[in-house]
Amino acid sequence: MNLELDTITKKYNANKYGVHDFSLEINAGILGLLGPNGAGKSTVLKMIATLSKPSSGSIKLNGKDIRKHPNVMRKTLGYLPQDFGVYPELTPPEFLAYIGAMKGLGGKALTLRVDALLEELNLSTHRKTPLGQVSGGMKQRVGIAQALLNDPEVLILDEPTVGLDPEERLRFGALLSDLAYDKIVLLSSHIVSDIESIADQVAIMNQGNLVAYGAQEEITTLAAGKVFETMIAKQAVTDFKKQHTVVSSYRSDASCKVRYIADKLIENSQAVTASLEDAFIYLTKQPSYAIS
Amino acid sequence: MQFRNPISTGNYIRHIRSYAFLITMAVSIYGAFTFVPTPDASYATLRFGAYTGVYNAVWVSHVSATMLSVFLSLVGFFLVQGSIKKDADLGIGQLMGATVMSNTRYLFSKVCSNFLLLATIAVIAIGMSVVLTVLYSDDPTITLHTFILPYLMITIPSLFCVAVFSIFFEVLFFEQRIVQYILFFGLFLGTLLYTPEGQTNLLSTDMLGVHYITQMLEQQVQTQLPNADTLMNIGFIAAIEEPDAMISFSAIPFSLLFVGSRVLWMLLCCALLIGGSFIFHRFSLQSKYDENEVVVEEDTEESAQFGHSFLQHRAAQMGGLFSLIIIELKLLYKQNSYWQHLAVIAGFIFMFRSSLDIAHTYVLPLLWALQLTKWSGLVTREYTYNNHCFSSTAYLPIQRVFMAKVLAGLAVAIGLALPLLLRYGIAANFEAIINISIGGVAMVSCAVLLGTLTKSGKLFEVLFIVILYANLNQIAFVDYFGAMHATMQHTIMLLVMSVVMMALAIYRKTFDYE
Ligand SMILES: Nc1ncnc2c1ncn2[C@@H]1O[C@H](COP(=O)(O)OP(=O)(O)O)[C@@H](O)[C@H]1O
Ligand SMILES: [Mg+2]
C-alpha cells in the first residue's frame with residue numbers, strides 16, 4: 001500500500017487556499033493529521049476520498065492517479081466525513097446495509113459483517129432504534145462502522161473521536177491498531193491526545209501547509225529545549241499569556257503553574273521535557289518562529 | 001424584537017441566493033407575460049362571453065393582479081412551504097428553541113420571510129406588467145396608483161394568507177408534508193370555487209379576493225352591453241376563431257366592505273398563527289425520544305476484550321445494481337406513513353373499480369401526487385440529510401448508485417399504476433400501457449433533472465402540482481400520461497424529452513463527483 005500526495009493545492013477562490021503545496025507519502029500504518037481548526041485537514045482528506053479534486057498536484061494510490069481513476073480509490077476506501085447526516089427512519093443495521101449496498105457489498109456475508117460491526121462498536125443494544133432517535137456519540141459510531149464495512153485498504157477518518165467517551169476512545173484506538181498493519185489509516189484531529197495514543201506517524205498542518213511530518217519522537221524533538229515551566233501569581237496569568245505562548249496552566253491556591261514555549265529561559269523557570277502537545281503548540285501557535 | 005429581522009432576512013437571503021429562485025424568477029416573468037395576453041395572442045385569460053378588455057393599463061393591472069393572486073398563491077405555497085423543517089434539519093431551530101424568543105415571534109418571523117419572498121416575485125411580475133403595458137398598449141399612460149391598487153388589494157393580501165398557511169400547516173403537521181399539500185390544495189380550490197355569487201360581505205370566503213374584481217368587471221360589461229352573453233371565463237382559454245370583441249374598462253372602485261374583507265382575512269390568519277404558537281413544538285422534537293432511549297451500554301468488562309470478530313466476515317463484493325435497487329425501494333417504502341399505505345390501497349381499489357377513463361384521468365395522477373415526495377426526494381434527500389458524501393465516495397457512483405435511484409423511482413411509478421396497467425393489458429390496449437409507462441419515465445426524469453440541478457425537491461413539486469391542476473382541468477397539452485387520447489407525436493415528443501432530461505441530469509451529476 002502506498003499513497004502519494006504530490007504538491008497538491010486546493011484553491012477555493014481567487015485568494016483563498018484550503019491547502020497549499022502539500023506533499024506526503026504514506027505507507028501502511030496509522031497517520032495522524034493534526035492541526036487547529038481551519039488548518040485544511042478536512043480539505044486534504046476530502047481530496048484523498050475523491051470527494052473533491054485538487055486544483056493542482058496529483059494523488060496516487062499504488063501509482064495510479066486517483067484524479068483520473070477515482071474508482072480505484074473508491075473501491076477500497078472507507079471514509080468517515082467530519083459531519084454527515086443519516087436517514088432518521090432507518091435503524092443502524094438498515095443504514096449500514098444501505099451504505100454497504102452503495103459500496104457494492106451484499107449477501108449473507110454483509111449481514112454477518114454488519115452484525116459483527118454493531119457488536120464491535122457497542123451498538124447492538126440499539127439495533128431497533130431509528131437513527132432519528134440516537135445520541136450524537138452513537139451516530140458517530142454508526143459512521144465509523146460504515147467506514148469499515150468493505151474491509152477498506154485505505155481508511156480515512158475525519159475527526160473520528162468526536163462524541164466518543166474515554167472508554168470508547170480506548171476501544172477505538174485498539175481497533176485501529178489491529179486494523180492498520182497492512183492498511184493505510186489516516187485520521188485527523190485537533191486534539192493532540194487523540195492522535196498521541198494511536199498514530200505511528202504524525203503530520204502537523206497549519207493554515208493550509210504541512211509544517212512537520214514524522215514519527216512522534218521526531219516531531220517532539222522539534223520543541224526540545226524550548227519548553228519551560230514557572231510559577232506565577234494568579235493575577236499575572238492573563239498578562240503572561242499575552243506575552244508568551246502558553247501550553248497549559250494549572251491553578252493552585254494563590255499561584256499558577258504555567259507551561260510555556262520560548263526561545264530562552266525567563267527567570268524563575270525551569271526547562272522541562274517536551275511533549276507532542278508542546279511541539280504542536282510550538283509549530284502552530286507561534287507565527288513568529290521560522291519553521292524549517 | 002431584535003430577533004425578528006435576522007431570522008426573516010436570513011431565510012429570505014437563503015432563498016434568494018438559491019438556484020431554484022433564479023428559475024422561479026424566470027418563470028414569474030414568463031407568467032406575467034402570459035397572464036395578460038398581448039393583443040395579438042391566440043388565447044385569453046379573462047373573458048366575458050366573447051368580450052375581453054382593450055389592452056390598456058387598467059385591463060393589464062386588473063387581470064394580472066387577479067391571475068397573480070390565483071397562480072402565485074398556488075405555486076407560492078409549495079415554493080415556501082417547509083421552512084420550519086429546514087430550520088430543524090439545519091439545527092438552527094434547536095438554537096432558537098434555547099433562546100428567549102417566543103413561539104409567536106418565531107412563527108411571525110417565518111411568515112414574514114415567506115411573505116417577503118412571494119412579494120418579491122409579485123413585484124417582479126408587476127414590473128413586467130408595466131413594461132408590457134408600455135410596449136403593447138395604444139394608450140401607454142399609466143396612472144401609478146390605479147395600476148398598483150389592484151395588486152395591493154387583491155394579490156398582496158392573498159400572498160400574506162398563503163405565507164401564514166404555509167407556516168400554520170407546518171406547525172400542525174410537521175412531518176407530513178403531503179398532508180400539508182393536500183390541506184392547502186383543498187383550501188385553495190375551496191375558497192376559489194365555493195364563494196357564492198352576489199353581494200360582497202365583510203365575512204367573505206374568498207381568500208384570493210378575485211371574485212369581487214371579476215364581478216365588478218362583469219358589471220361593467222353588462223352596463224355597456226345589456227343584452228349580450230357575458231358569461232365569465234377565467235383561466236387559459238384557447239383560441240376562438242373570430243377575434244374577441246373589445247371593451248374599454250375603467251378602473252374599478254374598491255369598496256370599503258371589500259377592503260374590510262381583505263383585512264379580515266389577514267387578521268384571521270394572524271389569529272390562526274397565534275393559535276398555532278400554542279401548539280408549536282419549538283424544536284423539542286428530540287425530547288419525545290429521550291424516554292425510549294434506555295441506555296443499556298454493554299458491560300465494560302466485556303468491552304475490554306478486543307476480539308474484532310467482524311474482521312472474519314468479509315462481505316462479498318457483488319457490485320450488483322439489482323440489490324441496490326431493492327434497498328432503494330425499501331428506503332422509499334420506509335418513508336411512507338401508515339395513512340399513506342392506506343391511501344395507496346384505497347387508490348388501488350379505485351383504480352380497479354372505477355371506469356377505465358376515470359381511473360386513468362383522475363385516479364392515476366392523484367395517486368402519483370400522493371407519492372410526490374418520493375420522486376422529488378429521489379436524488380435530493382441525500383442533500384437534505386447531508387449524507388451525499390457516502391454516495392459520492394461509493395464505487396461507481398453514477399453507473400450504480402444514481403442509476404439505482406432512478407430505476408427505483410421508476411419502479412414506484414409503474415408499481416402505483418399497476419392495477420390500471422393490468423386492466424389495459426386485459427383489454428389489450430397496449431398503446432395506453434406504453435403511454436402510462438412513458439409518462440412515468442418522463443415524470444421521474446423531470447424529478448431527477450430538477451433535483452440534480454437545484455439539490456432540492458421543491459421545484460419539481462411545484463411543477464408537478466401545477467401540472468396536476470392542469471391535468472384535473474383536462475388540459476390536453478400537459479397530459480403526460482396519455483389519458484386524453486394522446487397522439488403518437490405527443491408520445492414520441494415526451495420520450496425524447498425524457499431522454500434529454502435524463503442525459504442532462506447525468507451530465508450535471510458527473511460534475512458533482514469531481
Ligand atoms: N467549500 C469551501 N469554500 C471556501 N473555503 C473553504 C471551503 N471549505 C473549507 N474552506 C476553508 O478552507 C480552510 C480549511 O478548512 P478545513 O479543511 O475544513 O479545515 P480543518 O478540517 O482543518 O478544520 C478553512 O479556512 C476553511 O474556511
Ligand atoms: Mg475539519
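Look a little higher up for the structure.
All of the points below concern the structure found in this document. (Residues numbered from 1 in each chain as written. Chains lettered and ligands numbered in written order. Predicted model: local features only at pLDDT ≥ 70, side-chain atom pairs only at ≥ 80, totals over all residues. Heavy atoms only, no water.)

## Brief notes about the sheet that holds strand E12 (residues 227-233) of chain A
All names here are of chain A. Taken together, the four strands give an open sheet; going across it, the order is E13-E14-E12-E15, and neighbouring strands pair in antiparallel fashion. Pairing within the sheet leaves two strands with one partner each, and these edge strands are strand E13 (245-251) and strand E15 (269-271). Strand-to-strand, the axes of this sheet are offset by a mean angle of 25 degrees, without reference to chain direction. Bridge count for E12 against E15 is three bridges, and the pairing is antiparallel. Note on E15: the bridge partner recorded for Thr230 is Ser269. (Pairing = 2+ DSSP bridges. Helix = DSSP H or I, 4+ residues; strand = E, 2+ residues; numbered from the N terminus. Axes fitted to C-alpha atoms, helices over the stretch in contact; angles between N-to-C directions.)

## Topic: the sheet that holds strand E2 (residues 16-27) of chain A
All names here are of chain A. Taking strand neighbours across the sheet as the criterion, the four strands line up as E2-E1-E4-E5 in an open arrangement whose pairing is antiparallel. Taken across any chain shown, the strands that pair with only one partner, and hence form the sheet edges, are E2 and strand E5 (64-65). Here eight bridges tie strand E1 (residues 2-13) to E2, and the two strands are oriented antiparallel to one another. Among the inter-strand pairings, Asn2 is bridged to a residue of E2, identified as Asn27.

## Considering helix H10 (residues 256-279) of chain B
Over its 24 residues, H10(B) runs 35 Å from end to end, which matches the ideal 34 Å to within 8%, given 1.5 Å per residue. Along H10(B), the residues that are buried comprise Phe258(B), Gly260(B), Ser261(B), Arg262(B), Trp265(B), Cys269(B), Leu273(B), Gly276(B) and Ser277(B). (Expected span 1.5 Å × (residues − 1). Buried < 20%, exposed > 50% of the residue type's maximum accessible area, 1.4 Å probe, protein only.)

## Quick notes on the site of ligand 1
Residues and elements named next belong to chain A. For ligand 1, the full set of nearby residues is Tyr12, Lys16, Gly18, Pro36, Asn37, Gly38, Ala39, Gly40, Lys41, Ser42, Thr43 and Gln82. Between Tyr12 and ligand 1, the recorded distance is 3.2 Å, taken from a side-chain N or O atom to a nitrogen atom. Its free accessible area being 560 Å², ligand 1 has 64% of it covered by the protein chains. Listing elements by their share of the shell around ligand 1, those giving two or more residues are E2 and helix H1 (41-48). Counting residues per element, the shell around ligand 1 draws most heavily on H1, at three residues. (Near = heavy atom within 4 Å. Polar contact = N/O pair within 3.5 Å; in protein donor to acceptor, adjacent residues only side chain to side chain. Areas by Shrake-Rupley, 256 points an atom, 1.4 Å probe, with all protein chains shown as cover.)

## Concerning unusual backbone geometry
Residue and element names in this part refer to chain A. In this model, Asp21 sits at a positive phi of 40 degrees, which is unusual for a non-glycine residue. Mapped onto the secondary structure, Asp21 falls in strand E2. Among the residues examined, Asp21 registers a relative accessible area of 48% and is labelled partly exposed. A positive phi is found at Gln207, a non-glycine position, where the angle reads about 45 degrees. Relative to the helices and strands, Gln207 resides in the loop between strand E10 (201-206) and strand E11 (209-215). You can call Gln207 exposed: its relative accessible area is 68%.

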